[in-house]
Amino acid sequence: MQRDNKFETKVIHTGYNSDQHHGSLAPPVYQTSTFVFPDAETGEQRFAGEQEGYIYSRLGNPTVKMLEERIAALEGGEKGLAFGSGMAAVSAVLIGLTRTEDHILCSQGVYGCTFGLLQMMKDKFRVDHDLIDMSDSSVIEQHIQPNTKVIFIETPINPTMTLVDLEMVSQIAARHNITVVVDNTFCTPYIQRPLELGCQIVIHSATKYIGGHGDVVAGLVVSDSETIDLLAATTQKDIGGIMSPFDAWLLLRGLKTLPVRMDRHCDNAMFISKALKEHPSIDQVFYPGDDEFADYPIATKQMSRSGGLISFTIKGDKEASQKLINSLHLIKIAVSLGDAETLIQHPATMTHAVVPKEIRKQMGITDNLVRLSVGLEAKEDIWVDIKQALEVIKYV
Ligand code: LCS
């Protein structure tokens, strides 16, 4: 498959050649733990890296490899690596790139478990970190230390939707020889491609839009060959958080419709964000597609569309937020995001409950903040459900 095909073609074809699989249109699931060597010498040569070929599914599997090639092509990187969850991917990268006494600079606001991982690395391995506002280049410069090895960014940040200017950060990082890692879960490569903006590593919780159907937990990493080979031979192989062949198959299937789904998510979210903004019970709406949103200029620079996630604060407290959520009928109360179903959650008590209240406050996660993952249903139906729930809380 030619690398210069368009994105919509690559999501369907890259990494798979039916000629090599009995003409099977759908990729086969190589549901095997191990691979048979024709003789002992072949086994020796494969372990020595002198001969191409599979050994054992923790070290590589043909179905998983198809997915790794596809995501690499979509992000514009040399190689991909698949993991059993987004957190397995995040931890493999952060542990793989650092050692004791190193330092990580992180956007102020990340997914709750990434925050938990950073705390654990600090407590157990003495890999320190600072969570900083990345909107100001001088603040970033001030916090870079001689031992800073990684800048870790989410953009949009979960759940505040704050954006980080990837080009600006990667230019600073390049001057200091620091690796920039971007969690691109909220955007997918259809909307944002950090490697093209000078960043070195992209991570996905493939559980979300890449899979798109709420039926798999998985993670992906894309980077240059050297970095991926290093991670494959160290934190992936030895910690072992690998993806199963069937999960890779589900993701290959999900990816085929990624552009179609993302367009619908974005259209629906734009409609809902506008309706929310006009409602009297809503305090603030955080959506990158809103031209009054503080980070809208960054969105126009690096995102081709605005995504399917909206966060908003209601005029009310925690109880009112919970009452709003409890009053929905069509919309499901669930964490995760990027599914066909519209999902709603309360970050302060759910995805970011692990973050201490004081730090949550600095991150902008207040008790009246609600996060909506806008699904693929008819946008009018989604709005009718939200509107009737907002009516219920008017009298709280
Ligand atoms: N990165 C981001 C930005 C995420 O939102 C998540 C999960 C992860 C990494 C971890 O991926 P996982 O291991 O779950 O595949 N975010 C979740 C969320 O917002 N609600 O539930 C899970």
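Here the structure is shown first, and the text comes after it.
Residues numbered from 1 in each chain as written. Predicted model: local features only at pLDDT ≥ 70, side-chain atom pairs only at ≥ 80, totals over all residues. Heavy atoms only, no water.

> Break down the site of the ligand for me, with residues and values.
Near the ligand there are 17 residues, and of these D183, S205, T207, K208 and R371 occur at the shortest range. Note that an oxygen atom of the ligand is positioned 2.9 Å from one of the backbone N or O atoms of G86. At 2.9 Å from a nitrogen atom of the ligand is found a side-chain nitrogen or oxygen belonging to K208. Notes on the ligand: free accessible area 480 Å², of which the protein chains cover 92%. For the shell around the ligand, the class distribution of residues is 5 nonpolar, 8 polar and 4 charged. When residues of the shell around the ligand are sorted by domain, at least three fall in each of domain 1 (7-30 + 61-255) and domain 2 (258-393). (Near = heavy atom within 4 Å. Polar contact = N/O pair within 3.5 Å; in protein donor to acceptor, adjacent residues only side chain to side chain. Areas by Shrake-Rupley, 256 points an atom, 1.4 Å probe, with all protein chains shown as cover. Nonpolar A, V, L, I, M, F, W, Y, C, P; charged D, E, K, R; others polar. Domains from an automatic or database assignment.)

> For the side chain of R46, give the residues involved together with the corresponding values.
When you line up the elements, R46 lands in helix α2 (residues 40-47). Although buried, R46 forms no salt bridge, and the nearest oppositely charged side chain, D39, lies 8.2 Å from it. Dropping the residues within four chain positions of it, R46 is found in contact with F37, Q51, E52, G53, Y54 and I55. (Helix = DSSP H or I, 4+ residues; strand = E, 2+ residues; numbered from the N terminus. Buried < 20%, exposed > 50% of the residue type's maximum accessible area, 1.4 Å probe, protein only. Lys, Arg positive; Asp, Glu negative; His and termini not counted. Salt bridge = Lys/Arg side-chain N within 4 Å of Asp/Glu carboxyl O. Contact = heavy atoms within 4.5 Å.)

> Give me the sheet that holds strand β9 (residues 309-314): which residues, what numbers.
The strand order across the open sheet built from 5 strands is β8-β9-β12-β11-β10, with neighbouring strands paired in mixed fashion. The strands lining the two open edges of the sheet, one partner per strand, are β8 (282-286) and β10 (332-333). Where β8 and β9 come together, 4 bridges link them in antiparallel fashion. By the bridge assignment, V285 is partnered in β9 with F312. Strands β8, β9 and β12 (369-373) of the sheet are contacted by helix α11 (residues 258-277), whose axis makes an angle of about 10° with β9. (Pairing = 2+ DSSP bridges. Axes fitted to C-alpha atoms, helices over the stretch in contact; angles between N-to-C directions.)

> Just give me the short version of the sheet that holds strand β3 (residues 128-132), but keep the residues and values in it.
Sheet architecture is open: 7 strands sit in the order β1-β7-β6-β5-β4-β2-β3, paired in mixed fashion. Only two strands of the sheet have a single partner each, and these edge strands are β1 (79-83) and β3. Between one strand axis and the next, the sheet turns through 20° on average, direction left out of account. In this structure, strand β2 (residues 103-107) lies alongside β3, joined through 5 bridges in parallel fashion. Considered in β3, the bridge of S107 is made with I132.

> Can you tell me about a negative patch on the surface, naming the residues and giving the values?
Residues D39, E41, E44 and E50 make up a contiguous surface patch of negative charge. If you trace the backbone, E50 turns up in the loop between α2 and α3 (62-75). Using a relative accessible area of 62% as the deciding quantity, one classes E50 as exposed. (Patch = residues over 30% accessible without salt bridge, like charges linked within 9 Å, V, L, I, M, F, W, Y side chains within 5 Å. Charge placed at Lys NZ, Arg CZ, Asp CG, Glu CD.)

> Account for the pairing of strand β4 (residues 148-154), with residues named and values stated.
Moving residue by residue along a regular strand, the side chains alternate between the two faces of the sheet. Among the 7 residues that make up β4, 6 are buried, leaving the element largely enclosed by the rest of the structure. Sheet topology places β2 next to β4; 4 bridges connect them, and they run parallel. Among the inter-strand pairings, L105 is bridged to a residue of β4, identified as I151. As judged from the 5 bridges shared by β4 and strand β5 (residues 179-183), these two strands associate in the parallel manner. Along β5, the bridge assignment pairs E154 with D183. Between the parallel pair β4 and β5, the chain is carried across by helix α7 (residues 166-176), and the sense of this crossover is right-handed. (Right-handed = clockwise from strand over helix to strand, strands pointing away.)

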